[in-house]
Amino acid sequence: DQLSAIAFDKLPAQDAFVTKRGDGSRQLAVFSDPNCPFCHRLEESLAKVDNITIHTYLLPILGENSVSRAGQIWCAAAAASCDTDALQRNVRFAEQHNITGTPALVFANGKRVSGAIPVEQIEKLLAESQ
């Protein structure tokens, strides 16, 4: 666990979407590919978690279609001249930290978990990371 840990304050906050529910007191980062079915399953679990701030990093690693979809998502609320460099920064960050699949979760204590884990496990890990 210590070898794969990522210090939460080292995450590139400017390159993530932020979703806050409730008081937002618990922090979680998620690396997600728009074409990843396990990521969609994780999103369903996360929808049941309250008092959380979720930092979602688009990580288009599942092919060229992922790159184009991630760009569309990143630029959805922006002007036509949207800068998608954040997506490449996310890919480089993932490579530097050996994040090779999605979804990948990083909790506030740095613990990293891969896969679409159930809401009970998310809650347990959030409690441990406070």
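Residues numbered from 1 in each chain as written. Predicted model: local features only at pLDDT ≥ 70, side-chain atom pairs only at ≥ 80, totals over all residues. Heavy atoms only, no water.

Engineer: In this structure, what is going on with the pattern of salt bridges? I would like to understand it.
Structural biologist: Charged atoms that come close allow side chains of opposite charge to pair. This structure, assessed with the given rule, holds three salt bridges. Between Arg89 and Asp15 there is a salt bridge; the shortest N-O distance is 2.7 Å. Placement of the pair is Arg89 in helix H3 (residues 85–96) and Asp15 in the segment before strand S1 (17–21), with a sequence separation of 74 residues. Since its relative accessible area comes to 2%, Asp15 is described here as buried. Here Lys124 ties to Glu128 by a salt bridge, and the two come within 2.9 Å at their closest N and O atoms. (Salt bridge = Lys/Arg side-chain N within 4 Å of Asp/Glu carboxyl O. Helix = DSSP H or I, 4+ residues; strand = E, 2+ residues; numbered from the N terminus. Buried < 20%, exposed > 50% of the residue type's maximum accessible area, 1.4 Å probe, protein only.)

Engineer: Looking at this structure, I do not really get the side chain of Ser66. What am I missing?
Structural biologist: Tracing the sequence through the fold places Ser66 in helix H2 (residues 64–74). Exposure remark for Ser66: the relative accessible area of 0% places this residue in the buried category. Reaching out from Ser66, the side chain makes a polar contact with the side chain of Asn35 at a distance of 2.9 Å. Here Ser66 is in contact with Asp33, Pro34, Asn35, Pro60 and Ile61, once residues within four sequence places are set aside. (Polar contact = N/O pair within 3.5 Å; in protein donor to acceptor, adjacent residues only side chain to side chain. Contact = heavy atoms within 4.5 Å.)

Engineer: I keep staring at unusual backbone geometry and nothing clicks. Help me out?
Structural biologist: Note on backbone geometry: most residues besides glycine have negative phi, and most peptide bonds are trans. Here Thr102 and Pro103 are connected by a cis peptide whose omega angle stands at -5°. Considering the arrangement of structural elements, one finds Pro103 in the loop between H3 and strand S4 (104–107). In this model, Asn51 sits at a positive phi of 55°, which is unusual for a non-glycine residue. Tracing the chain through its elements places Asn51 in the loop between helix H1 (37–46) and strand S3 (52–58). Classification of Asn51 by relative accessible area gives partly exposed; the value is 28%.

Engineer: Explanation requested: H2 in the structure shown.
Structural biologist: Residue pairs spaced three or four apart in an α-helix point in one direction, given the helix's 3.6 residues per turn. Looking at H2, one finds that the buried residues are Ser66, Ala70, Gly71 and Trp74. Angular distribution of buried residues about the axis of H2 spans 135°; they occupy a single face of the element. Residues of H2 that are exposed and point over 90 degrees away from its buried face: Glu64 and Gln72. Along its buried surface, H2 packs onto S1, S3 and H3. (Arc of directions from axis to C-beta.)

Engineer: In this structure, what is going on with the sheet that holds S4? I would like to understand it.
Structural biologist: Each strand in a sheet pairs with its neighbour through backbone hydrogen bonds, running either in the same direction (parallel) or in the opposite one (antiparallel). Spatially, S1-S3-S2-S4-S5 is the arrangement adopted by the five strands of the open sheet, whose pairing is mixed. Sheet topology places S1 and strand S5 (112–114) at the edges, where each strand pairs with a single neighbour. When strand polarity is set aside, the average angle formed by the axes of neighbouring strands in this sheet is 20°. Both strand S2 (residues 26–32) and S3 contribute to a ladder of seven bridges, which runs parallel. In the sheet register, Gln27 faces S3, and the bridge partner there is Thr53. (Pairing = 2+ DSSP bridges. Axes fitted to C-alpha atoms, helices over the stretch in contact; angles between N-to-C directions.)

Engineer: Can you walk me through the environment of Ile99 in this structure?
Structural biologist: Relative to the assigned elements, Ile99 resides in the loop between H3 and S4. Excluding residues within four positions of it along the chain, Ile99 makes contact with Ile6, Phe31, Leu59, Ala94, Ala104 and Arg112.

So, to be careful, I would describe these as geometric facts and stop short of saying anything about function.
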